[in-house]
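Structural features, examined
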Amino acid sequence: MPHARNRNPSPIPEVTWDTGLKEMNETWKGAIACLGVAIFFVMTIGIIYWQVVDQPNKNWILKGSFSGLIWERRTQTLVFQTLTEDKTFAEIDVGNVGNPDIEVPFVRNLCWLNKTEFCYTWDSVAEVRISLETEEASDTECYSVTWSPIHCHVDLKDCFSMVNVSWYGGAGVHAPSWPINDANISMQPFTVSDLRDNPSGFGSVLERYFLGSSGVSVLVAPNIPLHVGMESRQQFCLQTPPSMERMPLQYTVCVGHNIKAVHQESMQQLSRATRELPNMDALRLPFWKLLANVDSGAKLERELRTFSNRLKRHHLGEGVISLDEHSTALLSNMDHSYLNSKKRTSKRHTRDIPFVKLLNISITLSPYLSIDSQQFQTSMQEGIEDYWLSLPSGPQGRPVPLLTQWKGKYSVKLNITNPEATNWFLDKVDILRSHLGMEYVIMEGGEGNPFEEHLKTPLALVGDEYIGLLADLAERIEDNAIVTSGTRSSHKPLFICMSALESNWSYSGLKGIIPSLLHHSLLGYNFFIPDAEAPSLSNRSQTTSFLSAGWGLLPSFLSSASRHLHGSLRRNGS
């Protein structure tokens, strides 16, 4: 019989072993839990560190064939660079949108399915869309940038750095410089203004086009309200004013291997119309500016005769005598009364009128008409108030002409959108041509918008639309019209009169001639006539011949030099 092994009836050791094992399991579980919490804490710290400290300072958001767009996180700027990062075309500070104190990552592309587009919602304030436009075998690449406000009254403002980049184009100023980096202009509407009334505004030739020496250009959309400001040697800024309409800020940035290719591409986008040449006879003769302080047509004719004899006495040859609007009105009224008088017995009129027709003269007209004039009173009596820019007096009321000031008088402005009004104006020009036999017609007064003077939001002719329509009207005056302001009209067969410069050696005077020449030529206005500021009334009689002679000899030289420099830009890309 086998030996039976005695078993210990006491369960204590087993209980001790099981209890130790359970305690050990609880200890390991606690250690593992603590280790997991520590790892999670370290991961959290690492993620926060990566987002705040170790995140890359710049990110590529779009890439083309040779250029790309980089987002600089710390400076909140968009940077256009070559893919090799050895050349920077432009830097745009976009930190002015929304809250500038909030650092925006700006790296998540909501249009990630399209490699040529970048979309993002900026700080719940605005949406930005950037599209890359490129063509095969092209030396340029263009980026279309559109900021769209999400809410009303949002300031959209982008600033282009002037550091290491020389900028050209834009608009003329009172004291022009080349390049425009030295200009210092407060933020204001980017529209043409009369520098005589607003010296701190923008001058006679204006285009929404800026060209940078690094091979970059900026073209702003023509159909949006735009404000522009410049900080000398720092930056120039584009801004859309806040409004209920939530207007976008839209522009195109083109970059290229050289400035020539960028300029040629930009000019094609700026004006696709066929270029027409004006009447080149204007370059053959100097323009003499007659500043006559007289109050009657008879006195004006005596001044004309005296001035013409003075030119002959000094052997200055044949030229064009330019009359201002006041002198034009005096001659027009006198000629009108003479031709319509029942008794033509005045031998003086019979002798003087042919003399005026023998002279080469240019007259000056504007779309303004004084409310004290007989023509305006007649228009009101005949019920043609819609010939002038007007506002309705009620839902079914008659239009009420808007009053504005022109040369110190309350006036109304021609409704250039009314075909009957423009035909009336052209008939007026034809009558003056038959009466005076003038060689050229200078059209001034396109600047300003009476709607903006009376209303915060203009109902029509927003911005510089009036200037463009006035250029269309001038184009219908055959080929002898000269305009004093231009925008998006460089292709038209018109001469343009430069902003009046002072008679001194500052940049607002003689030093400003060459910068103005280069500015006009760059924007495509190659045919222009310089002008000088009129002296005070008390000094006109003493300074008339000096000022006229000093400026009258410049047009041929400046216009030919402009064409030469413009051609050099196209050939050399410099």
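Below, the structure is looked at part by part. (Residues numbered from 1 in each chain as written. Predicted model: local features only at pLDDT ≥ 70, side-chain atom pairs only at ≥ 80, totals over all residues. Heavy atoms only, no water.)

**Focus on the pairing of strand S2 (residues 67-72)**
Along S2, 6 of the 6 residues are buried, which leaves the element largely enclosed by surrounding structure. Side-chain alternation along S2 places Ser 67, Leu 69 and Trp 71 on one buried face and Gly 68, Ile 70 and Glu 72 on a second face that is also buried. Two strands pair when backbone bridges link them, and strand S1 (residues 58-63) and S2 are joined in this way by 5 bridges, in the antiparallel orientation. Looking at S2, one finds that Leu 62 is bridged to Leu 69. Hairpin connection between S1 and S2: a loop of 3 residues separates the two successive antiparallel strands. Strand direction decides the pairing type here: S2 and strand S3 (residues 77-82), joined by 6 bridges, are antiparallel. When the bridges of S3 are listed, Glu 72 appears paired with Thr 77. Two successive antiparallel strands, S2 and S3, enclose a turn made up of 4 residues, where Gln 76 displays a positive phi of approximately 50 degrees. (Buried < 20%, exposed > 50% of the residue type's maximum accessible area, 1.4 Å probe, protein only. Helix = DSSP H or I, 4+ residues; strand = E, 2+ residues; numbered from the N terminus. Pairing = 2+ DSSP bridges.)

**Side note on the pairing of strand S5 (residues 117-122)**
The two faces of a sheet get side chains in turn, since along a regular strand they alternate between them. Most of S5 sits out of view: 5 of its 6 residues are buried. Direction of pairing for S5 relative to strand S6 (residues 126-134): antiparallel, over a ladder of 6 bridges. Within S6, the residue paired with Cys 119 across the bridge is Arg 129.

**Focus on the packing of aromatic side chains**
Aromatic rings considered in pairs are described by the distance between their centres and by the relative angle of their planes. Going through the model one piece at a time under the given rule, you end up with 15 aromatic pairs. Considering the side-chain rings of Phe 287 and Tyr 440, the 5.5 Å spacing of their centres and the 45 degrees angle between planes classify their relative orientation as tilted. Residue Phe 287 is found in strand S16 (residues 287-289), and its partner Tyr 440 is found in strand S24 (residues 440-443); the two are separated by 153 residues along the sequence. Here Phe 287 and Tyr 440 have matching classes, each one buried. With 4.5 Å between their ring centres and 10 degrees between their planes, Tyr 368 and Trp 406 make a pair best called stacked. (Phe/Tyr/Trp six-rings, centres within 6.5 Å; stacked < 30°, edge-to-face > 60°.)

**A closer look at the state of the cysteines**
Applying the stated rule across the entire model yields 3 disulfides. In this model Cys 111 forms its disulfide with Cys 119; the gap between the sulfur atoms is 1.8 Å. Disulfide Cys 111-Cys 119: torsion about the S-S bond near -90 degrees, hence left-handed. Disulfide partner of Cys 142: Cys 254, at an S-S distance of 2.1 Å. A torsion of 105 degrees about the S-S bond marks the disulfide between Cys 142 and Cys 254 as right-handed. Of this pair, Cys 142 sits in strand S7 (residues 140-149) while Cys 254 is found in strand S15 (residues 249-256), placing the two residues 112 residues apart along the sequence. Exposure remark for Cys 142: the relative accessible area of 4% places this residue in the buried category. For Cys 254, a relative accessible area of 0% corresponds to the buried category. Here the disulfide map of the protein reads 1-2, 3-6, 4-5, the bonded cysteines being numbered as they appear in the sequence. (Disulfide = S-S within 2.5 Å.)

**Describing the sheet that holds strand S26 (residues 495-497)**
Taken in spatial order, the 7 strands line up as S16-S17-S18-S24-S25-S26-S27 in an open sheet, and their pairing is parallel. For this open sheet the edge positions go to S16 and strand S27 (528-529), each flanked by a neighbour on one side alone. The sheet contact formed by strand S17 (residues 320-322) and strand S18 (residues 361-365) spans 2 bridges and is parallel. Its bridge partner lying in S18, Ile 321 is registered against Ile 361.

**Overview of a negative patch on the surface**
On the surface, Asp 281, Glu 318, Glu 439, Glu 478 and Asp 479 cluster together into a patch of negative charge. Here Glu 318 is to be found in the loop between helix H3 (297-313) and S17. (Patch = residues over 30% accessible without salt bridge, like charges linked within 9 Å, V, L, I, M, F, W, Y side chains within 5 Å. Areas by Shrake-Rupley, 256 points an atom, 1.4 Å probe, with all protein chains shown as cover. Salt bridge = Lys/Arg side-chain N within 4 Å of Asp/Glu carboxyl O. Lys, Arg positive; Asp, Glu negative; His and termini not counted. Charge placed at Lys NZ, Arg CZ, Asp CG, Glu CD.)

**Concerning the sheet that holds strand S22 (residues 404-406)**
Reading across from one edge, S19-S23-S22 is the order of the 3 strands in this open sheet, with antiparallel pairing throughout. In this open sheet, the two strands that pair with only one neighbour each are strand S19 (368-370) and S22. Ignoring strand direction, the axes of neighbouring strands in this sheet form an average angle of 60 degrees. With 3 bridges connecting them, S19 and strand S23 (residues 409-413) associate as antiparallel partners. If you follow Leu 369 over to S23, its bridge partner there is Val 412. (Axes fitted to C-alpha atoms, helices over the stretch in contact; angles between N-to-C directions.)

**Regarding the nonpolar core**
Within the largest apolar cluster, 66 residues are counted, with the highest numbers of intra-cluster contacts made by Ile 361 and Met 443. In terms of residue count, helix H7 (residues 419-436) provides more of this core than any other element does, 6 residues in total. Excluding residues that lie within four positions of it along the chain, Met 443 makes contacts with Leu 365, Phe 425, Leu 470, Leu 473, Ala 474, Ile 477, Ile 482, Val 483 and Thr 484. In this structure, Leu 69, Phe 118, Ala 221 and Ile 224 belong to the second largest nonpolar core, which totals 53 residues. (Core = buried A, V, L, I, M, F, W, Y, C linked by side-chain atoms within 4.5 Å. Contact = heavy atoms within 4.5 Å.)

**A closer look at the pattern of salt bridges**
By the definition in use, this model includes 11 salt bridges. Lys 407 is paired through a salt bridge with Glu 325; the nearest N and O atoms lie 3.3 Å apart. Placement of the pair is Lys 407 in the loop between S22 and S23 and Glu 325 in helix H4 (residues 325-340), with a sequence separation of 82 residues. Assessed through its relative accessible area of 16%, Glu 325 is described here as buried. Lys 492 is the partner of Asp 472 in a salt bridge, and the nearest nitrogen-oxygen pair spans 2.6 Å. Of this pair, Asp 472 sits in helix H9 (residues 465-475) while Lys 492 is found in the loop between strand S25 (481-483) and S26, placing the two residues 20 residues apart along the sequence. Exposure remark for Asp 472: the relative accessible area of 31% places this residue in the partly exposed category. We classify Lys 492 as buried; its relative accessible area is 11%. One salt-bridge network, in which partners are shared between bridges, spans Glu 325, Lys 407 and Glu 444.

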